[in-house]
Amino acid sequence: MSPDRRIRIAPSILAADFAALGAECRAVEDQGADWVHLDVMDGHFVPNLTFGPAVCRALRRHIRTVMDVHLMIAPVDPFIDAFAAAGADLITVHLEAGPHLHRTLQAIRAAGKKAGLALNPATPAEAAAEVIDLVDLVCVMTVNPGFGGQAFIASQLPKIARLRALIGDRPVLVQVDGGITPATAPAVAAAGADVLVAGSSVFASGSPDNPLAYGRNIAAIRSAAEAARGAAPA
Ligand code: DX5
Ligand code: ZN
């Protein structure tokens, strides 16, 4: 396995203590998180509201790894520059969020950021084909976006494998988001996922004052995924 295909764990702070987000970001990074995943929701594209670019900007100085911003908003184009200015490393948009996806992805790269494309459970892998050279990551939603703590949708597993085949040897990562636990991580890793977003299963136990539990939760997901890929544990 080439080094750039190693498993990355991206805790979603959707499941963190919103009154202590900076400390939560530092705690999961100290405990082994590879990226930090920020879920932006607008109450329109998805039936929930979280936070916007001001909170992302405030969290930037608490994140030393990769600030992974998952935009569940429509329209998205008017906000790309704001999230870029907030310090996102990667900006992921939904294919279903607007009619001009090609333009949106170009705008993310024009802002100097890596571009991600998220696919809802009902959207086929093949829908990414025409823009695959415009993205750095494709996110397979393994729940319907909007809430943490939902059940993993196993029908997405063959889609992950089809997406991996479609990507071929391009430098594009496959991310999975939703319902990832030590029990579901092996199947997504075996299907070809590189970046595992996990909210509830990371933050279920532990706190910034008791961060070792975060470390155990992250390690459990990582070792389950790596074992399924046949890779040596880190
Ligand atoms: C759902 C979000 C996910 C969510 C995952 O819309 O995109 O990132 O936080 O949460 P869990 O891991 O609890 O399914
Ligand atoms: Zn997400």
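Residues numbered from 1 in each chain as written. Chains lettered and ligands numbered in written order. Predicted model: local features only at pLDDT ≥ 70, side-chain atom pairs only at ≥ 80, totals over all residues. Heavy atoms only, no water.

(A) The arrangement of the pattern of salt bridges in detail. In total, this model carries nine salt bridges according to the counting rule given. Here Arg64 and Asp30 are joined by a salt bridge, their closest N and O atoms 3.2 Å apart. With Arg64 in the loop between helix H2 (53-60) and strand E3 (66-72) and Asp30 in helix H1 (residues 21-30), this residue pair connects regions lying 34 residues apart in the sequence. The burial state of Arg64 is the same as that of Asp30; both residues are exposed. Across the pair Arg170 and Asp133 runs a salt bridge, and its minimum N-O distance is 2.8 Å. Of the two residues, Arg170 is situated in the loop between helix H5 (157-167) and strand E7 (173-177) and Asp133 in the loop between strand E5 (114-119) and strand E6 (137-141); the sequence distance between them amounts to 37 residues. On the basis of relative accessible area, Asp133 is assigned to the exposed category, the value being 55%. (Salt bridge = Lys/Arg side-chain N within 4 Å of Asp/Glu carboxyl O. Helix = DSSP H or I, 4+ residues; strand = E, 2+ residues; numbered from the N terminus. Buried < 20%, exposed > 50% of the residue type's maximum accessible area, 1.4 Å probe, protein only.)

(B) Looking closely at the site of ligand 1. Taken together, 20 residues sit near ligand 1, with Gly146, Gly149, Asp177, Gly199 and Ser200 positioned nearest. One of the side-chain nitrogen or oxygen atoms of Asp39 is found 2.8 Å away from an oxygen atom of ligand 1. Contact distances for ligand 1 include 2.8 Å between an oxygen atom and a backbone N or O atom of Gly179. When the free accessible area of ligand 1 is taken as 380 Å², the share hidden by the protein chains comes to 99%. (Near = heavy atom within 4 Å. Polar contact = N/O pair within 3.5 Å; in protein donor to acceptor, adjacent residues only side chain to side chain. Areas by Shrake-Rupley, 256 points an atom, 1.4 Å probe, with all protein chains shown as cover.)

(C) Expanded view of the packing of aromatic side chains. Within the structure shown, the criterion is met by two aromatic pairs. On the numbers, 5.1 Å between centres and 70° between planes, the contact of Phe203 with Tyr214 is edge-to-face. In this pair, Phe203 sits in helix H7 (residues 200-203) while Tyr214 sits in helix H8 (residues 212-229), placing the two residues 11 residues apart along the sequence. Given a relative accessible area of 1%, Tyr214 falls into the buried group. (Phe/Tyr/Trp six-rings, centres within 6.5 Å; stacked < 30°, edge-to-face > 60°.)

(D) How the structure looks around the environment of Ile7. If you trace the backbone, Ile7 turns up in the segment before strand E1 (8-11). When the C-alpha atoms of Ile7 and Leu196 are compared, they prove to be 7.4 Å apart, with 189 residues separating the residues in sequence. Every residue in contact with Ile7, bar those within four places of it in the chain, is listed here: Asp34, Ala189, Ala193, Asp194, Leu196, Arg222, Ala225, Glu226 and Arg229. (Contact = heavy atoms within 4.5 Å.)

(E) Representation of the side chain of Arg8 in the model. Tracing the sequence through the fold places Arg8 in strand E1. No salt bridge is formed by the buried Arg8. Its closest oppositely charged neighbour is Asp194, at 5.4 Å. Side-chain polar atoms of Arg8 contact the backbone oxygen of Arg6, separated by 3.1 Å. When residues no more than four places from it in sequence are discounted, the contact partners of Arg8 are Asp34, Trp35, Leu173, Asp194, Val195 and Leu196. (Lys, Arg positive; Asp, Glu negative; His and termini not counted.)

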